[in-house]
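Structural characterization, general
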Amino acid sequence: MVLIKFPAAVCVVALWCEWVRFGLGCSGLLLCRSCGHEVAEDTDLRFVPSRLALSHRNDTVIGGKRVSVQLFENPQGFQFEVVTFKRADVLKHWPADSHFTWYPDHAWTVATCPRCKTHLGWAFQPSDWPRTVTREEFEGSDQTFVALIVDRLLQEHFASTLLMTPKSFRS
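Now for a look at the structure at hand.

Scoring rules and cut-offs
Residues numbered from 1 in each chain as written. Predicted model: local features only at pLDDT ≥ 70, side-chain atom pairs only at ≥ 80, totals over all residues. Heavy atoms only, no water. Salt bridge = Lys/Arg side-chain N within 4 Å of Asp/Glu carboxyl O. Buried < 20%, exposed > 50% of the residue type's maximum accessible area, 1.4 Å probe, protein only. Helix = DSSP H or I, 4+ residues; strand = E, 2+ residues; numbered from the N terminus. Pairing = 2+ DSSP bridges. Axes fitted to C-alpha atoms, helices over the stretch in contact; angles between N-to-C directions. Disulfide = S-S within 2.5 Å. Phe/Tyr/Trp six-rings, centres within 6.5 Å; stacked < 30°, edge-to-face > 60°. Contact = heavy atoms within 4.5 Å. Polar contact = N/O pair within 3.5 Å; in protein donor to acceptor, adjacent residues only side chain to side chain.

**Some details on the pattern of salt bridges**
Scanning all chains against the criterion turns up five salt bridges. Across the pair Asp59 and Arg57 runs a salt bridge, and its minimum N-O distance is 2.4 Å. What makes Asp59 partly exposed here is its relative accessible area of 25%. A salt bridge links Arg135 to Asp89; its shortest N-O distance comes to 3.9 Å. Here the residue Arg135 occupies a position in helix α2 (residues 135-139), and Asp89 occupies one in the loop between β5 (79-85) and β6 (91-97), the gap between them amounting to 46 residues.

**Overview of the sheet that holds strand β1 (residues 29-32)**
Taken in spatial order, the three strands of this open sheet run β2-β1-β10, and their pairing is antiparallel. Looking at strand neighbours, the two that pair on one side only are β2 (38-41) and β10 (153-155), the edges of this open sheet. Ignoring which end each strand starts from, the neighbouring axes of this sheet average 35° apart. Bridge count for β1 against β10 is three bridges, and the pairing is antiparallel. Among the inter-strand pairings, Leu30 is bridged to a residue of β10, identified as Gln155.

**Things to note about the pairing of strand β8 (residues 119-126)**
Among the eight residues that make up β8, seven are buried, leaving the element largely enclosed by the rest of the structure. In this antiparallel pair of consecutive strands, strand β7 (residues 106-112) and β8, the connection spans six residues, and Lys117 shows a positive phi of 70°.

**A closer look at the state of the cysteines**
The tally for this structure, following the rule as stated, stands at zero disulfides. Sulfur of Cys32: no disulfide; nearest cysteine sulfur belongs to Cys116 and is 3.7 Å away. On the basis of relative accessibility, which here comes to 1%, the residue Cys32 falls in the buried class. Since its relative accessible area comes to 31%, Cys116 is described here as partly exposed.

**Looking at unusual backbone geometry**
Cis peptide bonds are those with omega within 30 degrees of zero, and the linkage from Trp94 to Pro95 qualifies with 10°. If you trace the backbone, Pro95 turns up in strand β6. If you check the backbone angles, Phe100 has positive phi at about 55° while not being a glycine. Along the polypeptide, Phe100 turns up in the loop between β6 and β7. The backbone of Asp105 shows a phi angle near 70°, a positive value even though the residue is not glycine.

**A short note on the packing of aromatic side chains**
With the rule as written, the count across this model stands at nine aromatic pairs. Geometrically, the ring pair formed by Phe72 and Trp102 is stacked, given 4.7 Å between the ring centres and 10° between the ring planes. Taken together, the residues span a long stretch of sequence, with Phe72 in strand β4 (residues 65-73) and Trp102 in the loop between β6 and β7 at a distance of 30 residues. This pair shows no difference in class: Phe72 is buried, exactly as Trp102 is.

**Structural notes on the side chain of Thr112**
With respect to the secondary-structure elements, Thr112 resides in strand β7. For Thr112, a relative accessible area of 6% gives the class buried. What Thr112 contacts, discounting residues up to four positions off in sequence, is Val90, Leu91, His93, Lys117, Thr118, His119 and Leu120.

**Remarks on the side chain of Ser50**
Secondary-structure assignment places Ser50 in the loop between β2 and β3 (55-62). Engagement of the side chain of Ser50 in a polar contact is seen with the backbone nitrogen of Leu52, the distance being 3.1 Å. Residues contacting Ser50, with those up to four places away along its chain left out, are Gln70, Phe72, Trp102, Tyr103 and Pro104.

Dropping the structure here:
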């Protein structure tokens, strides 16, 4: 019998591939890329199409699932790729504004990380609603959603693979 020794990294990758194959260890949890706050779960994904999107693509973004990613541009020319969710743990900065909306008949407000205040996306509600609503009103409605910027999020299963070397082990 020939025994082949593989580096530990190869074994970890092989184990991870098995977890993905069998659906184990691949949480659909998304974190704030800046601070690690738990922002959204894949169970809250809700695709909301917009005719104002510059483009639309399907991508594997969350826990190995295919999701719809839309590209939008704001009036200043900045472009954002977003994924839409029924709910997310974000801080909504009311009042909502219906000017320059990406979703017709919806007003928007900026959504930030409740921990580090990083801009993560926008919360959308019907334009005919009051400009300020409670969290319960927002999350209890089928007409509301949150659009989160893909580049500002980190998948939990990816974050857990990152290793930090303690200072005492550095040369």
